Amino acid sequence: MPLLEVRELCSHYGDLQALFDLSLDVGEGEATALIGANGAGKSTLIRAIAGLGRRSRGAIRFDGQAIEAEPAERIAHRGIALVPEGRMLFPSLTVEENLRMGALSQRPGHWSLTTVYALFPILREFRHRPATQLSGGQQQMVSIGRALMANPRLMLCDEISLGLAPVVIEQIYRAFVDIRAQGTALLIVEQDVTRACRIAQRVYCLLKGRVTLAGRASDFSAQQIANAYFGST
Ligand code: ATP
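Residues numbered from 1 in each chain as written. Predicted model: local features only at pLDDT ≥ 70, side-chain atom pairs only at ≥ 80, totals over all residues. Heavy atoms only, no water.

### Digging into the confidence of the model for the protein chain
Okay, so step 1: Averaged over the protein chain, the pLDDT score is 92; the fraction of residues at 70 or greater is 99%.
Okay, so step 2: Interface confidence for the predicted complex, given as ipTM, is 0.95, next to a pTM of 0.93. (pLDDT = per-residue confidence, 0-100.)

Have a look at this one:
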């Protein structure tokens, strides 16, 4: 049984339908990439899983339990953590205070201030600084660290590389390998298809709210992925 099962999910913003009968699986401890052009519906899906969006129809199961009607706090307690697009740090809090906010659900596990600082040593150095004084890449590390502090079984990462320098993106993707090694599954929204396919065991491509490609990343040619991404045949 997959850790996360999304079945025939539909989502609307008023009259606009953003997701059409969308189904997706994430396996326990697996990295899954969600790719697709702007407006494909990636953020809508991620937010719906986290309990933050509109889910007009369909099922979402986590560890076999139906979560589609649950509020975001309950879903977080179950072990789903979101690293949101734009990082959404608390601007008046220090790095360490932001990290501690992630531990509010008090799930036991590997991740703590000590292990997050070992993963991103620069955060220990800057722990007493206001989070917003850090560079974009360092802020992204705080956002990932805050999610880890909840010891999630599944971490949802929305466009974490957006606007970051390649060297920082590499550092974050290396951290993902360690995070998976500790047993956390990842659902990663990424516009860079090559990078997404390198880390992920499974890839889903969305186009205008529908899945146009799904399966093992290694099974698809670059041309097949491009066709699914742009909707060409
Ligand atoms: P991006 O990479 O630009 O974030 P995305 O794949 O994450 O794109 P979504 O942000 O999920 O796509 O958007 C899916 C569709 O829903 C788009 O047509 C978008 O214009 C629309 N949409 C998203 N958020 C809202 C909103 N708050 N109100 C109205 N329509 C919205």
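Having seen it, we continue.
### A look at the side chain of threonine 94
Okay, so step 1: Within the secondary structure, threonine 94 sits in the loop between strand E6 (80-83) and helix H3 (95-101).
Okay, so step 2: The class of threonine 94 is buried, set by a relative accessible area of 18%.
Okay, so step 3: Among residues more than four places away in sequence, those in contact with threonine 94 are Arg127, His128, Arg129, Pro130 and Ala131. (Helix = DSSP H or I, 4+ residues; strand = E, 2+ residues; numbered from the N terminus. Buried < 20%, exposed > 50% of the residue type's maximum accessible area, 1.4 Å probe, protein only. Contact = heavy atoms within 4.5 Å.)

### What about the sheet that holds strand E8 (residues 185-189)?
Okay, so step 1: As summarised here, the arrangement of the 6 strands in space is E6-E7-E8-E3-E9-E10, forming an open sheet in which the pairing is mixed. Pairing within the sheet leaves two strands with one partner each, and these edge strands are E6 and strand E10 (210-216). Between one strand and the next, the sheet's axes are offset by a mean angle of 15°, whatever the strand orientation.
Okay, so step 2: One ladder, built from 4 bridges, connects strand E3 (residues 31-35) with E8; its direction is parallel. Counted as the bridge partner of leucine 34 is valine 189 from E8.
Okay, so step 3: With respect to the sheet, helix H7 (residues 166-181) is in contact with E3, strand E7 (154-158) and E8, its orientation differing from that of E8 by roughly 150°. (Pairing = 2+ DSSP bridges. Axes fitted to C-alpha atoms, helices over the stretch in contact; angles between N-to-C directions.)

### Quick look at the packing of aromatic side chains
Okay, so step 1: This model, assessed by the stated rule, comprises 2 aromatic pairs.
Okay, so step 2: Against the face of tyrosine 173 rests arginine 195, its NZ or CZ located 5.7 Å from the ring centre.
Okay, so step 3: Of note, arginine 210 hangs over the ring of phenylalanine 20, and the distance from its end group to the ring centre comes to 4.0 Å. (Phe/Tyr/Trp six-rings, centres within 6.5 Å; stacked < 30°, edge-to-face > 60°. Lys NZ or Arg CZ within 6 Å of the ring centre and 35° of its normal.)

### Looking at the pattern of salt bridges
Okay, so step 1: Within the structure shown, the criterion is met by 13 salt bridges.
Okay, so step 2: Between glutamate 96 and arginine 100 there is a salt bridge, with its nearest N and O atoms 3.3 Å apart. With a gap of 4 residues between them, glutamate 96 and arginine 100 both fall in helix H3, about one helical turn apart.
Okay, so step 3: Judged by relative accessible area, arginine 100 falls into the partly exposed class, the value being 47%. (Salt bridge = Lys/Arg side-chain N within 4 Å of Asp/Glu carboxyl O.)

### Overview of the side chain of aspartate 158
Okay, so step 1: Its location among the elements puts aspartate 158 in strand E7.
Okay, so step 2: For the buried aspartate 158, no salt bridge exists, and the shortest N-O distance to an oppositely charged side chain is 6.8 Å, to arginine 47.
Okay, so step 3: Setting aside its immediate chain neighbours within four residues, aspartate 158 contacts Ser43, Val83, Pro84, Glu85 and Val189. (Lys, Arg positive; Asp, Glu negative; His and termini not counted.)

### Comments concerning the site of the ligand
Okay, so step 1: Contacts to the ligand come from 14 residues, most closely from Gly39, Gly41, Lys42, Ser43 and Thr44.
Okay, so step 2: Measuring from an oxygen atom of the ligand, one finds a backbone N or O atom of alanine 40 at 3.0 Å.
Okay, so step 3: Look at the ligand: alone it shows 630 Å² of surface, and the protein chains cover 61% of it.
Okay, so step 4: For the shell around the ligand, the elements supplying multiple residues, two or more each, are strand E2 (16-26) and helix H1 (42-49).
Okay, so step 5: Residue contributions to the shell around the ligand peak at 3 residues, all from H1.
Okay, so step 6: Split by residue class, the shell around the ligand holds 5 nonpolar, 6 polar and 3 charged. (Near = heavy atom within 4 Å. Polar contact = N/O pair within 3.5 Å; in protein donor to acceptor, adjacent residues only side chain to side chain. Areas by Shrake-Rupley, 256 points an atom, 1.4 Å probe, with all protein chains shown as cover. Nonpolar A, V, L, I, M, F, W, Y, C, P; charged D, E, K, R; others polar.)

### Observations regarding unusual backbone geometry
Okay, so step 1: The residue asparagine 151 is not glycine, and still its phi comes out positive at about 50°.
Okay, so step 2: A residue is classified by how much of its surface remains accessible, and asparagine 151, at 8% relative accessible area, is buried.
Okay, so step 3: Positive phi, close to 50°, is recorded for glutamate 159, a residue that is not glycine.
Okay, so step 4: Counting through the fold element by element, glutamate 159 comes out in the loop between E7 and H7.
Okay, so step 5: Using a relative accessible area of 10% as the deciding quantity, one classes glutamate 159 as buried.

### Quick word on a nonpolar patch on the surface
Okay, so step 1: Nonpolar side chains collect at one region of the surface, where Phe90, Met101 and Leu104 lie side by side and expose about 280 Å² of accessible area between them.
Okay, so step 2: You can see methionine 101 is positioned in helix H3.
Okay, so step 3: In this structure methionine 101 comes out as partly exposed when scored by relative accessible area, which is 33%. (Patch = residues over 30% accessible without salt bridge, like charges linked within 9 Å, V, L, I, M, F, W, Y side chains within 5 Å.)

### A closer look at the pairing of strand E1 (residues 4-13)
Okay, so step 1: Relative to E2, E1 runs antiparallel, the two being bridged by 7 bridges. Note that in E2 the partner of valine 6 across the bridge is leucine 24.
Okay, so step 2: Here E1 folds back onto E2 in antiparallel fashion, the turn holding 2 residues, of which glycine 14 has a positive phi close to 60°.
Okay, so step 3: As judged from the 5 bridges shared by E1 and strand E4 (residues 57-62), these two strands associate in the antiparallel manner. The residue bridging leucine 4 from the neighbouring strand is phenylalanine 62, located in E4.

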